[in-house]
Amino acid sequence: MGKKWFCFFMAAVILCLTSVEAKASSESISGGRVVYQLSKREVEAEHQRQLEEQISALEIEEGEYFIVRDGIEPLNDISEYKTEYSATKYQTISGYAGNQPPGGVSIPQGGSIYYSPNGGGEQSFTVSFGGAYGSVGISLPIGVRANSVTGYSANVSGPGYWKLWVDNQYTVRAYIIYKKEYYSDGAFGYTWKKFSSGSTKSLYRVGLRPIKQG
């Protein structure tokens, strides 16, 4: 992809990031549940990363043109495209984290269960945005119990067999990329036609609760 075109295009279509500390904060809730809230910067950065990746897959190069009956039409001029976003929707995935024995993890003297939001089984959801965005299908991972220290953990209240229950919330957005379509029917002009569409998702909140087994 043309580097110059890519930089200009991403500047035009990406939401501005605010200067927020990029670190998840935790809050203990009753019943042994702990909630980690990701920063706005982290959430926006993940939406941006996915959008960049999806736009790159379109393989649009700058400076390409083609001939039409009434002259030369720019194919990939930055001004030929615009991107519109839906409102943000929230989707929750719940269940036991992966990488746990059926009867739970043995913790002889209390301690913590570590967790990674990546991997594990996936659950599929349909998120409705309405209007031109319609509905999109997404798959979200339940995550796994980690074997070493991570950025997420939940403390158990005593010895025994424990399993980690997860309630994670994701932000989901749909987008549509439009491209100018020119016409010459008495007067030269253009209309915006749908060129591509897709969606992005980002982990927003991690909820962890150890449940004693047996």
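Residues numbered from 1 in each chain as written. Predicted model: local features only at pLDDT ≥ 70, side-chain atom pairs only at ≥ 80, totals over all residues. Heavy atoms only, no water.

Caption draft 1: Up close: the environment of Gly131. With respect to the element layout, Gly131 can be found in the loop between β9 (122–130) and β10 (134–141). Of the residues examined, Gly131 reaches a relative accessible area of 76% and is grouped as exposed. On a C-alpha basis, the gap between Gly131 and Ser86 in space is 9.2 Å, while along the polypeptide they are 45 residues apart. (Helix = DSSP H or I, 4+ residues; strand = E, 2+ residues; numbered from the N terminus. Buried < 20%, exposed > 50% of the residue type's maximum accessible area, 1.4 Å probe, protein only.)

Caption draft 2: Layout of the pairing of strand β13 (residues 160–184). For β13, the tally of buried residues reaches 18 of 25 residues, placing the bulk of the element in the interior. With five bridges connecting them, strand β5 (residues 81–85) and β13 associate as antiparallel partners. By the bridge assignment for β13, Tyr81 is matched with Lys179. Examined bridge by bridge, strand β6 (residues 89–96) and β13 share eight bridges and lie antiparallel to one another. Within β13, the position partnered with Gln91 by the bridge is Tyr170. (Pairing = 2+ DSSP bridges.)

Caption draft 3: Here's a closer look at the pattern of salt bridges. A complete count under the given rule lists four salt bridges for this structure. The partner of Arg49 in a salt bridge is Glu46, and the shortest N-O contact between them spans 2.8 Å. Placement of the pair is Arg49 and Glu46 together in helix α2 (residues 40–56), with a separation of three residues, close to one helical turn. A residue is classified by how much of its surface remains accessible, and Arg49, at 40% relative accessible area, is partly exposed. The class of Glu46 is partly exposed, set by a relative accessible area of 25%. Where salt bridges share partners, they join Glu46, Arg49 and Glu53 into one cluster. (Salt bridge = Lys/Arg side-chain N within 4 Å of Asp/Glu carboxyl O.)

Caption draft 4: Region of interest: the nonpolar core. Among the nonpolar cores identified, the biggest contains 29 residues, and Tyr115, Ile138, Tyr152, Val206 and Leu208 are the most heavily contacted of them. Looking at this core, the elements with two or more residues in it are β2 (34–37), β7 (105–107), β8 (111–116), β9, β10, β12 (152–156), β13 and β14 (188–212). Broken down by element, this core gets its largest block of residues, six residues, from β13. Apart from the residues within four sequence positions on either side, Leu208 is in contact with Gly32, Arg33, Val34, Tyr36, Tyr115, Tyr152, Ser153, Ala154, Leu164, Trp165 and Val166. (Core = buried A, V, L, I, M, F, W, Y, C linked by side-chain atoms within 4.5 Å. Contact = heavy atoms within 4.5 Å.)

Caption draft 5: Quick look at the confidence of the model for the chain. For the chain, the average pLDDT comes to 82, and 79% of its residues sit at 70 or higher. Model confidence for the chain, summarised as mean pLDDT per element, is weakest for helix α1 (residues 3–13) at 43 and strongest for β6 at 98. Low confidence marks residues 63–74, where pLDDT is under 50. Its contacts with residues over four positions away, or in another chain, come to 20 contacts. (pLDDT = per-residue confidence, 0-100.)

Caption draft 6: Expanded view of the sheet that holds β8. Pairing is antiparallel across the open sheet formed by three strands, whose spatial order is β11-β8-β12. Across the chains shown, the open sheet's two edge strands, defined by having one partner strand only, are β11 (144–146) and β12. Averaged over all adjacent pairs, the angle separating strand axes in this sheet is 40°, with direction ignored. Sheet topology note: the β8/β11 ladder contains three bridges and is antiparallel. In the strand pairing of β11, Tyr115 is matched with Arg145. (Axes fitted to C-alpha atoms, helices over the stretch in contact; angles between N-to-C directions.)

Caption draft 7: Here's a closer look at α2. Given a rise of 1.5 Å per residue, 17 residues ought to cover 24 Å, and the 24 Å separating the end C-alpha atoms of α2 matches this to within 8%. Those residues of α2 that sit buried are Val43, Glu44, His47, Gln50, Leu51 and Ile55. Buried residues of α2 fall within an arc of 135° about the axis and therefore sit on the same side. (Expected span 1.5 Å × (residues − 1). Arc of directions from axis to C-beta.)

Caption draft 8: Quick peek at the pairing of β10. Relative to β10, β9 is paired through eight bridges, and the arrangement is antiparallel. Following the sheet pairing, Val127 is matched in β10 by Val136. Between β9 and β10, which pair antiparallel one after the other, the connecting turn spans three residues, and Gly131 there sits at a positive phi close to 60°.

Caption draft 9: Expanded view of the packing of aromatic side chains. Within the structure shown, the criterion is met by eight aromatic pairs. On the numbers, 5.0 Å between centres and 90° between planes, the contact of Tyr96 with Trp165 is edge-to-face. Of the two residues, Tyr96 is situated in strand β6 and Trp165 in strand β13; the sequence distance between them amounts to 69 residues. Each residue in the set Tyr182, Phe188, Tyr190 and Trp192 is aromatic and connected to the rest through ring pairs, giving one cluster. (Phe/Tyr/Trp six-rings, centres within 6.5 Å; stacked < 30°, edge-to-face > 60°.)

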